[in-house]
Amino acid sequence: MTNQAATEFIHKTVLLNEAVDALAITGERTNGVYIDGTFGRGGHSRLILQQLGPNGRLIAFDKDTQAIASASEIKDPRFHIVHDSFATMSEALQELGVKHVDGILMDLGISSPQVDDATRGFSFRADGPLDMRMDTTRGISAAEWLASEDEEKIREVIKNYGEERFAFQIAKAIVARRQTDAITGTRQLAELVAHAVKTREKGKDPATRTFQAIRIFVNKELEDLEVGLGAAFSALAPFGRMSVISFHSLEDRIVKQFFASKVKVEQPDRRLPIRHLDLPQPQMRLLNRIKPSDTEVSENPRSRSAILRVAERLPEGNA
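Rules behind the numbers
Residues numbered from 1 in each chain as written. Predicted model: local features only at pLDDT ≥ 70, side-chain atom pairs only at ≥ 80, totals over all residues. Heavy atoms only, no water. Axes fitted to C-alpha atoms, helices over the stretch in contact; angles between N-to-C directions. Helix = DSSP H or I, 4+ residues; strand = E, 2+ residues; numbered from the N terminus. Parallel < 35°, antiparallel > 145°, perpendicular 65-115°, else oblique. Left-handed = near helix turned anticlockwise from the far one by under 90°. Contact = heavy atoms within 4.5 Å. Nonpolar A, V, L, I, M, F, W, Y, C, P; charged D, E, K, R; others polar. Phe/Tyr/Trp six-rings, centres within 6.5 Å; stacked < 30°, edge-to-face > 60°. Buried < 20%, exposed > 50% of the residue type's maximum accessible area, 1.4 Å probe, protein only. Lys NZ or Arg CZ within 6 Å of the ring centre and 35° of its normal. Polar contact = N/O pair within 3.5 Å; in protein donor to acceptor, adjacent residues only side chain to side chain. Pairing = 2+ DSSP bridges.

(A) Broad picture of the packing of helix 8 (residues 151–162) against helix 9 (residues 167–178). With their axes 8 Å apart at the nearest point, helix 8 and helix 9 run at an angle of 140° to one another. Judged by the inter-axis angle, helix 8 sits oblique to helix 9. As helix 8 runs across helix 9, the sense of the crossing is right-handed. Note on element contacts: helix 9 touches helix 8 through Ala167, Phe168, Ile170, Ala171, Lys172, Ile174, Val175 and Arg178, opposite Glu151, Ile154, Arg155, Ile158 and Lys159. Grouping the amino acids of the contact of helix 8 with helix 9 by side-chain chemistry returns eight nonpolar, no polar and five charged.

(B) Up close: the packing of aromatic side chains. Under the criterion given, the structure shown has six aromatic pairs. The interplanar angle of 35° and the centroid separation of 6.3 Å between the aromatic rings of tyrosine 161 and phenylalanine 217 together place this pair among those described as tilted. Of this pair, tyrosine 161 sits in helix 8 while phenylalanine 217 sits in helix 11 (residues 208–218), and the two are 56 residues apart along the sequence. An angle of 75° between the planes, with centres 6.5 Å apart, marks the rings of phenylalanine 233 and phenylalanine 258 as edge-to-face. Taken together, the positions of phenylalanine 233 in helix 12 (residues 221–235) and phenylalanine 258 in helix 13 (residues 249–263) put the pair 25 residues apart, joining distant regions of the chain. In this pair, the class of phenylalanine 233 matches that of phenylalanine 258, namely buried. These aromatic residues form a ring-pair network of at least three members: Trp145, Tyr161 and Phe217. Lying over the aromatic face of phenylalanine 233, lysine 262 brings its terminal NZ or CZ to 4.3 Å of the ring centre. It is arginine 313 that lies over the ring of phenylalanine 233; its NZ or CZ is 4.1 Å from the centre.

(C) Fine view of the packing of helix 9 against helix 10 (residues 186–196). Closest axis-to-axis distance for the helix 9/helix 10 pair is 9 Å, and the angle between their directions is 130°. On the basis of their axis angle, the class for helix 9 and helix 10 is oblique. Remark: the crossing between helix 9 and helix 10 carries right-handed chirality. Within the contact between the two elements, helix 9 uses Gln169, Ile170, Ala173, Ile174 and Arg177 and helix 10 uses Gln188, Leu189, Leu192, Val193 and Ala196. Partitioned by chemical class, the residues of the contact of helix 9 with helix 10 number seven nonpolar, two polar and one charged.

(D) Layout of the side chain of serine 246. With respect to the helices, strands and loops of the structure, serine 246 is situated in strand 5 (residues 236–246). Side-chain polar atoms of serine 246 contact the side chain of aspartate 252, separated by 3.2 Å. Not counting residues up to four positions away in its chain, the partners in contact with serine 246 are Leu108, Glu251, Asp252, Ser305, Ala306 and Ile307.

(E) How the structure looks around the sheet that holds strand 1 (residues 33–36). Strand order in this open sheet of seven strands is 3-2-1-4-5-7-6, and the pairing throughout is mixed. One side of each edge strand has no neighbouring strand; the edge strands of this open sheet are strand 3 (79–83) and strand 6 (284–290). Ignoring which end each strand starts from, the neighbouring axes of this sheet average 15° apart. Judged from the five bridges that link them, strand 2 (residues 57–62) and strand 3 form a sheet pairing that is parallel. Within strand 3, the residue paired with leucine 58 across the bridge is phenylalanine 79. Where helix 3 (residues 43–51) meets the sheet, its contacts fall on strand 1, strand 2, strand 3, strand 4 (101–107) and strand 5, and the angle it forms with strand 2 comes to roughly 175°. Its contacts with the sheet put helix 13 on strand 5, strand 6 and strand 7 (307–313), and the angle it makes with strand 7 is roughly 20°.

(F) Structural detail: the pairing of strand 5. Within strand 5, nine of the 11 residues are buried, leaving the element largely enclosed by the surrounding structure. Inspection of the sheet shows strand 4 paired to strand 5 by six bridges, in the parallel sense. Looking at strand 5, one finds that leucine 105 is bridged to serine 243. Taken together, the six bridges between strand 5 and strand 7 define a ladder with antiparallel strand orientation. Note that in strand 7 the partner of valine 244 across the bridge is arginine 309.

What follows is the structure in structure tokens.
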């Protein structure tokens, strides 16, 4: 094993206690079934397992092969890991014979080990191959995508997923550069973006938004989130809880709108002769919105943008 492969990259789980406490794993619920939609390095999973009873069960998902390797270290019969996105939750639960779950935790975005390992290609701070895939066993790398995609699509991705106002200039520069040099390294792309971006946000590298956009696109993060939220809701038992941590506005907007769609159900015209009991009822209720404490942010600056949203599924026919 090389020194790089042997390196331990430290991951500080964001909103660890808050996200797990929100699942309310107490009383009879300690023997329920729970899902960790993004295992990462297992911070949330390990805390959930500590709170489960002898008949409890935890099913975790992750696309990252390194996360799967970390999960294999957990020798607990109550634990099962699935090497796939939480977007496949419905199919996975069916295969495992699980009809309903009592709580689902989803910690979105990218983990510290993925960012800190230059060989993964997520960071513009250290040079490495421009990969960016969370699951390196499938899909195309960021370098392969940039080498083959047309300028308009590159612009669209950087603008929509990175909310980058210089998306046109960056896409144009990428297409021009690849005519003479293949863009295969993280620093190569970061420097290209820095030259294309005319003004810089204070305290933020000019490549930040572009790297975010390409990473989200290559890994289909927003598409997976929309599918995963729907699958999670369908799997929840009455009074089951969803605890979702997001790190940027695109993710949080999707989570917020999804919960709102289940809380505020469209009502028919009040003039119609419909009994109150027959009116559409809310399917969820919002429980909390939590941000990291000042102490957590000072100890782990990467937590500063995190938002935890918690909602509970209501039984059918609730008044």
